[in-house]
Amino acid sequence: MVGSGPAGLTFARVLHRHGYPVAVLERDPAPGARPRGGTLDLHEGLGQLALDKAGLLAEFQALSRPEGQAMRILDADGTVLRDWRPRPDDRANPEIDRGQLRDLLLGELDVQWGRAVTQVVPGTRDGVLVHFAEGREETFDLVVGADGAWSRIRPAVSSVTPHYTGVTLVETSLDDVDTRHPDLAGLIGDGSVAVYGVNRALVAQRNSGGHAKVYAQFRAPLDWHTNLDLADVEAVRSGLLALFDGWAAPVLDLLRHGTAFVHRPLYVLPVSHTWTHIPGVTLLGDAAHLMPPLGAGANLAMLEGAELAESIATDPGDLDKAVRAFEEQMWARAGRWSKITTAGLERLVSPDPAEALALFDEVQPS
Ligand SMILES: Cc1cc2nc3c(=O)[nH]c(=O)nc-3n(C[C@H](O)[C@H](O)[C@H](O)COP(=O)(O)OP(=O)(O)OC[C@H]3O[C@@H](n4cnc5c(N)ncnc54)[C@H](O)[C@@H]3O)c2cc1C
């Protein structure tokens, strides 16, 4: 297993539960080496199902935030257009911090930190040859690439690479929002607030511990920042405030009070990415089907991890059969979600902000 994101850890955890050890090879030098990221909503039939298969659903329920399903939509003038609150018993899509989910999945798993894979070569006499950045090589029966968007395993099965969607996301954070920015805490509420304008959106999401993430999203060429030093916090803030010029002051305060800014141009793989099956290598999660971040990627990644593990545990004597069956199932489901999220991004960051509202009206219970 290469990668200890949601896909890799769920795979390892479920396989471990069935009594099979798995080597998890992770590029990061330690669990806390990178900022732990924002919040994820885990759906009942996807991410939560995967946690159930891992025996972790009860622990998830204790950690997760069902109230985080609340969603408020504003227009650029600050007018509240929708204000959805979950019912007290609604557990369809509760939120959990990405760091909490990682700790939950990690448990006692034995991850080999600091082991960046550079290349895999299937079909050698001893199995699949894995090259590591530190210069070593090892062979394995099966290599599962769960190493995300810029997978080093993917080239062994597919020549496809991610392409830019035309939408860029710049992420910032608010700390101690309830005490330091009570007005913004009120605006964000228990869950998320999203503001839609022409080819632009601002989304803020409450995480646990009084932390909030803010995402500025806009259509722009990849080189939109050529005259901007992305490492200069104040320059990026001014650049963003100029992009959102004319929006209501309380909404722009989400950017005015943001701390560091992280630049994330959104890349995707083609919708319905598949490959000719190669014995000994497969892909899971973003490595297989990177799609716009509309609440599906981690969910699919986890369910795929759980399903591949179950498939292998059911028929450990025929790894190749288990992997083939899994791939067919993954491709069909991921293809459907890829279409949904690609169409969704077109409508959420669109020339007509009414499209974003219409999309929410279609998917949110009223
Ligand atoms: C802003 C944002 C918000 C999102 N919100 C949601 C949400 O609410 N719900 C949802 O379902 N999805 C969400 N997503 C999508 C979700 O984050 C991804 O789909 C998910 O993380 C994919 O999991 P993964 O395990 O496939 O890959 P990753 O999470 O990318 O994990 C890959 C792992 O592999 C490691 N790795 C990479 N290269 C190597 C290498 N060469 N050797 C060894 N290890 C390597 C990495 O360090 C990492 O640990 C969001 C995405 C973004 C950007």
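Please read these numbers as outputs of a predicted model, since none were measured by experiment.

Parameters at a glance
- Residues numbered from 1 in each chain as written.
- Predicted model: local features only at pLDDT ≥ 70, side-chain atom pairs only at ≥ 80, totals over all residues.
- Core = buried A, V, L, I, M, F, W, Y, C linked by C-beta atoms within 7 Å.
- Buried ≥ 20, exposed ≤ 12 C-beta atoms within 10 Å, placed from the backbone.
- Helix = DSSP H or I, 4+ residues; strand = E, 2+ residues; numbered from the N terminus.
- Contact = placed C-beta atoms within 7 Å.
- Pairing = 2+ DSSP bridges.
- Axes fitted to C-alpha atoms, helices over the stretch in contact; angles between N-to-C directions.
- Near = placed C-beta within 6 Å.
- Nonpolar A, V, L, I, M, F, W, Y, C, P; charged D, E, K, R; others polar.
- Parallel < 35°, antiparallel > 145°, perpendicular 65-115°, else oblique.
- Domains from an automatic or database assignment.
- UniProt positions renumbered as here; feature names shortened; annotations may be inferred.
- Expected span 1.5 Å × (residues − 1).

### Comments concerning the nonpolar core
Here is step 1: Phe11, Ile153 and Leu284 are the most contacted members of the largest nonpolar core, which has 56 residues in total.
Here is step 2: When residues in this core are grouped by element, the largest group, 9 residues, is from helix H10 (residues 297-314).
Here is step 3: Apart from residues lying up to four places away in sequence, isoleucine 153 is in contact with Val2, Val117, Val120, Val143, Gly145, Asp147, Val281, Leu283 and Ala287.
Here is step 4: Core analysis: the second largest hydrophobic core is formed by 36 residues, Ala70, Val214, Leu240 and Val349 among them.

### Quick word on the sheet that holds strand S3 (residues 71-75)
Here is step 1: One open sheet holds the 7 strands; their spatial order is S4-S3-S12-S13-S14-S11-S15, and the pairing between them is mixed. The strands lining the two open edges of the sheet, one partner per strand, are strand S4 (80-84) and strand S15 (261-268). With strand direction ignored, the average angle separating the axes of adjacent strands in the sheet is 15°.
Here is step 2: For strand S11 (residues 163-174) and strand S14 (residues 212-219), the ladder comprises 8 bridges, and the chain directions are antiparallel. From the neighbouring strand, valine 170 faces S14, where its bridge partner is alanine 216.

### Observations regarding the sheet that holds strand S8 (residues 127-132)
Here is step 1: What the 3 strands build is an open sheet, ordered S7-S8-S9; its pairing is antiparallel. Edge strands, defined here as strands with exactly one partner in the open sheet, are strand S7 (117-124) and strand S9 (137-140). Neighbour-to-neighbour, the strand axes of this sheet turn through a mean angle of 25°, independent of strand direction.
Here is step 2: As paired elements, S7 and S8 share 5 bridges and run antiparallel to each other. Counted as the bridge partner of valine 121 is leucine 129 from S8.

### Examining the site of the ligand
Here is step 1: Around the ligand there are 31 residues in total, and Gly3, Gly5, Gly148, Gly285 and Gly297 lie nearest to it.
Here is step 2: Those elements that place two or more of their residues in the shell around the ligand are helix H1 (6-17), strand S2 (39-41), helix H9 (286-289) and H10.
Here is step 3: When residues in the shell around the ligand are grouped by element, the largest group, 4 residues, is from H10.
Here is step 4: When its residues are assigned to classes, the shell around the ligand shows 13 nonpolar, 10 polar and 8 charged.

### Notes on the packing of helix H11 (residues 319-348) against helix H12 (residues 353-363)
Here is step 1: Packing of H11 against H12 leaves a shortest axis separation of 7 Å and a crossing angle of 135°. Of the possible angle classes, the one that applies to H11 and H12 is oblique. Contacts between H11 and H12 pair Gly344, Arg347 and Leu348 from the former with Glu355, Ala356 and Leu359 from the latter.
Here is step 2: When grouped by side-chain class, the residues that make up the contact of H11 with H12 number 3 nonpolar, 1 polar and 2 charged.

### Side note on the environment of glutamate 362
Here is step 1: Along the polypeptide, glutamate 362 turns up in helix H12.
Here is step 2: On the neighbour-count criterion, glutamate 362 (8 C-beta atoms within 10 Å) is exposed.
Here is step 3: A sequence separation of 99 residues divides glutamate 362 from histidine 263, and the C-alpha atoms of the two residues are 30 Å apart.

### Quick look at the domain arrangement of the protein
Here is step 1: As assigned here, the protein comprises domain 1 (6-69 + 90-162 + 270-348) and domain 2 (163-268 + 352-363).
Here is step 2: The gap between the C-alpha centroids of domain 1 and domain 2 is 28 Å.
Here is step 3: The interface of domain 1 with domain 2 comprises 18 residues on the first partner and 17 residues on the second.
Here is step 4: The biggest single contributor to the side of domain 1 that touches domain 2 is H11, with 5 residues.
Here is step 5: A breakdown of the residues in the side of domain 1 that touches domain 2 according to their chemical character gives 8 nonpolar, 6 polar and 4 charged.

### Details of the UniProt feature "binding site: NADPH" (unreviewed entry) in the protein
Here is step 1: As annotated in UniProt, the feature "binding site: NADPH" (unreviewed entry) corresponds to Arg34 in the numbering used here.
Here is step 2: Position of arginine 34 among the secondary structure elements: in the loop between strand S1 (24-25) and S2.
Here is step 3: Here arginine 34 falls in the exposed class, since 10 other C-beta atoms lie within 10 Å of it.

### A look at the UniProt feature "domain: FAD-binding" (unreviewed entry) in the protein
Here is step 1: Feature annotation in UniProt assigns "domain: FAD-binding" (unreviewed entry) to the following positions: residues 2-313.
Here is step 2: Spanning residues 2-313, this segment combines 28% helix with 27% strand, and its end C-alpha atoms are found 19 Å apart.

### Observations regarding the pairing of S3
For a regular strand, side chains alternate in direction, first toward one face of the sheet and then toward the other.
Here is step 1: Within S3, 4 of the 5 residues are buried, which leaves it mostly tucked inside the rest of the structure.
Here is step 2: Here S3 pairs with S4 via 4 bridges, running antiparallel. Considered in S4, the bridge of methionine 71 is made with tryptophan 84.
Here is step 3: In textbook terms, the turn of a hairpin is the stretch between consecutive antiparallel strands, and for S3 and S4 this stretch comprises 4 residues, one of which, glycine 78, has a positive phi near 95°.

### Digging into unusual backbone geometry
Here is step 1: One non-glycine residue with positive phi stands out, namely asparagine 199, at about 60°.
Here is step 2: In this structure, asparagine 199 sits in the loop between strand S12 (192-197) and strand S13 (200-206).
Here is step 3: Residue classification places asparagine 199 among the partly exposed positions, given that 17 C-beta atoms sit within 10 Å.
Here is step 4: A positive phi is found at serine 272, a non-glycine position, where the angle reads about 60°.
Here is step 5: Here serine 272 is to be found in the loop between S15 and strand S16 (281-283).

### Some details on H1
Helical geometry note: an α-helix holds 3.6 residues per turn, so side chains three or four residues apart project in the same direction.
Here is step 1: With 12 residues, H1 ought to run about 16 Å at 1.5 Å a step, and its terminal C-alpha atoms sit 16 Å apart, in line with that.
Here is step 2: By the criterion of burial, H1 is predominantly enclosed, with 10 of the 12 residues buried.
Here is step 3: Three or more residues of H1 are buried, namely Pro6, Ala7, Gly8, Leu9, Thr10, Phe11, Ala12, Arg13, Val14 and Leu15.
Here is step 4: Packing partners of the buried residues in H1 comprise S1, helix H2 (47-53), helix H4 (98-106), strand S10 (143-145) and H10.
Here is step 5: In the stretch just after H1, glycine 19 is the one whose phi turns positive, near 90°.

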